Amino acid sequence: MKDLTFSTGCAIAQNIKDGKVSPDEAHSFFKERIKKLDPQLKSFVEIYPDPLKEEGASALAGAPIAIKDNICIKGKRISCASKILSSHISVYDATVIGRLKRAGLQIIGTTNMDEFAFGSSTENSCYGTTKNPWDFSRVPGGSSGGSAAAVAARLVPFALGSDTGGSIRQPASFCGVVGFKPTYGRVSRYGLVAFGSSLDQIGPITTNFSDCAHLLNIICGHDSKDSTSTPKDVVDFTQALKDEAKNVKIGIPKEYFAQGLNQEVKKALDSVIEVFKDKGAKITEISLPHTEYAVATYYIVASSEASSNLQRFDGIRYGLRAAGTNLKDVYMNTRGEGFGDEAKRRIFLGTYSLSSGYYEAYYVQALKVRRLIKEDFDKAFNKVDVILTPTSPTPAFKIGEKATDPLSMYLSDVYTISANLAGVPAVSFPCGFSKDNLPIGAQLIGKEFDESTLIRLGYSFQNVTDFHKKIPAL
Ligand code: GLN
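Cut-offs used in this document
- Residues numbered from 1 in each chain as written.
- Predicted model: local features only at pLDDT ≥ 70, side-chain atom pairs only at ≥ 80, totals over all residues.
- Heavy atoms only, no water.
- Pairing = 2+ DSSP bridges.
- Helix = DSSP H or I, 4+ residues; strand = E, 2+ residues; numbered from the N terminus.
- Axes fitted to C-alpha atoms, helices over the stretch in contact; angles between N-to-C directions.
- Contact = heavy atoms within 4.5 Å.
- Parallel < 35°, antiparallel > 145°, perpendicular 65-115°, else oblique.
- Nonpolar A, V, L, I, M, F, W, Y, C, P; charged D, E, K, R; others polar.
- Phe/Tyr/Trp six-rings, centres within 6.5 Å; stacked < 30°, edge-to-face > 60°.
- Buried < 20%, exposed > 50% of the residue type's maximum accessible area, 1.4 Å probe, protein only.
- Near = heavy atom within 4 Å.
- Polar contact = N/O pair within 3.5 Å; in protein donor to acceptor, adjacent residues only side chain to side chain.
- Areas by Shrake-Rupley, 256 points an atom, 1.4 Å probe, with all protein chains shown as cover.

Caption draft 1: Looking closely at the sheet that holds strand S11 (residues 439-446). The sheet built from 11 strands is open, its strands ordered S1-S3-S2-S4-S6-S5-S10-S11-S9-S7-S8 with mixed pairing. Two strands bound the open sheet, and with one partner strand each, they are strand S1 (44-52) and strand S8 (282-286). Strand after strand, the sheet turns through a mean of 25 degrees between neighbouring axes, direction not considered. Two strands pair when backbone bridges link them, and strand S5 (residues 178-181) and strand S10 (residues 426-433) are joined in this way by three bridges, in the antiparallel orientation. From the neighbouring strand, Gly179 faces S10, where its bridge partner is Ser428. Across the sheet, helix H3 (residues 95-102) lies against S1, strand S2 (64-68), strand S3 (106-111), strand S4 (158-163) and strand S6 (201-206), angled at about 175 degrees from S2, the strand it touches most. Sheet strands touched by helix H11 (residues 360-383): strand S7 (249-253), S8, strand S9 (386-390) and S11. Its angle to S9, the strand with the most contacts, is close to 115 degrees.

Below you can see the structure in the form of structure tokens.
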């Protein structure tokens, strides 16, 4: 059988079109690889015996894809890596799943994540921790850690993740792959189990920008089933696959290069700046002055929305139902047994911030700061076209290192959450390796609905570097 390990999703689809590989062969190839390597990596929750596929056409038709376990696939188990949902079967397809099927992709299974997407390490999963394929003693990042690890290990050419505060970009940076969070409203959230409804976006995790642009073409677009989905026309993102950075104005926010940034990450970012300079981009220092409030603001807004969204898991409507002699006991026992520690922590944080007496002081205050953070971006984008930052202050940390210290875990999101608070698109791409051979990610943040410039710059960078071609020795 043809070795597809190093083939991109586009290349696999092209091989299928040319009759060199059949869709079944493509599926078997990756299924065998998963069988061989995933028992150690633990990136998958479920591998379907037969892939889900429909007759459909697109540049990616026939390519296999994996889906984060918080996106509904009709007739399949969806658990969000939570005990409370582990027996639940989706009764409908998320809009993105319908779109993938109509584009002819083969859905091969679901990937591990932090419970309900709460986390930055995939340690908060009822199935156990996914390993970082570059170093099994380290986390893959989170919450889409299963998707990022699977793609990095080439167990599948690409996957979908979801990003509320960095959950696509941070694991992509820890695993050395490309993770794209589109503008809020670009991709329908219909069928994505809600975490923070004003922040959540689904997006692709791929090894390269061509696959990323093609997947965005498939999943983006208006959906009347999601009132926050934008009616704006979707451009053809593959038009941006050009090596062209001349005169692009790139802003470097000084707050993102301050205290707490690992020196190896800083060095890698310096070399990204050099690459773009060589290509004729104009580099300017900018300021996003409210950055220091982003973590606090995000954890109030996101937890408030999460506590409200999780109310539906009551033991009556979905999944787990614990015993109890009256309704209140059933509710309490189900939620007590079904939610893990981090989910409970978010519920406490969120209900506290929303409770009468504290609502104005916390939730409303956080919304005001959110507005200031958004205005920082508006002002910056009057001067520059895109913003370049590290994705995470450090490369992948050790399993267990932050598991008992929620605050230090939350602080690892410092560079990713502002893009969600502001609703703007952002992408992480591999830009170097630490001396321990751990991938380092750079982040580009764009203007609302200007995904194309991010793709163009990312593509330009990958055209002259080969970090994205390196794969972990497994
Ligand atoms: N790590 C962040 C959190 O725990 C972001 C998670 C996400 O984007 N889903 O909330």
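Caption draft 2: Local environment of the packing of H3 against helix H6 (residues 209-219). Packing of H3 against H6 brings their axes to within 8 Å, and their N-to-C directions diverge by 115 degrees. In terms of orientation, H3 and H6 fall into the roughly perpendicular class. Contacts from Val96, Arg99 and Leu100 of H3 reach H6 at Leu215, Ile218 and Ile219. For the contact of H3 with H6, a count of residues per class yields five nonpolar, no polar and one charged.

Caption draft 3: Spotlight on the packing of aromatic side chains. Following the criterion strictly, the structure yields 22 aromatic pairs and no others. For the pair Phe118 and Phe195, a centre-to-centre distance of 4.7 Å together with 85 degrees between the ring planes defines the contact as edge-to-face. Within this pair, whereas Phe118 is found in the loop between S3 and helix H4 (145-152), its partner Phe195 is found in the loop between S5 and S6, the two being separated by 77 residues in sequence. A residue is classified by how much of its surface remains accessible, and Phe195, at 3% relative accessible area, is buried. Among the aromatic residues, those joined into a ring-pair cluster are Trp134, Phe209, Phe276, Phe429, Phe433, Phe461 and Phe467.

Caption draft 4: Seen up close, the site of the ligand. In the neighbourhood of the ligand, 15 residues make up the surrounding shell, with Thr164, Gly165, Ser167, Tyr298 and Arg346 lying closest. Between the ligand and Ser120 there is a distance of 2.8 Å, counted from a nitrogen atom to a side-chain nitrogen or oxygen. Between an oxygen atom of the ligand and a side-chain N or O atom of Arg346, the distance comes to 2.8 Å. Contact with the protein chains removes 100% of the 290 Å² of surface that the ligand exposes when unbound. Partitioned by chemical class, the residues of the shell around the ligand number five nonpolar, seven polar and three charged.

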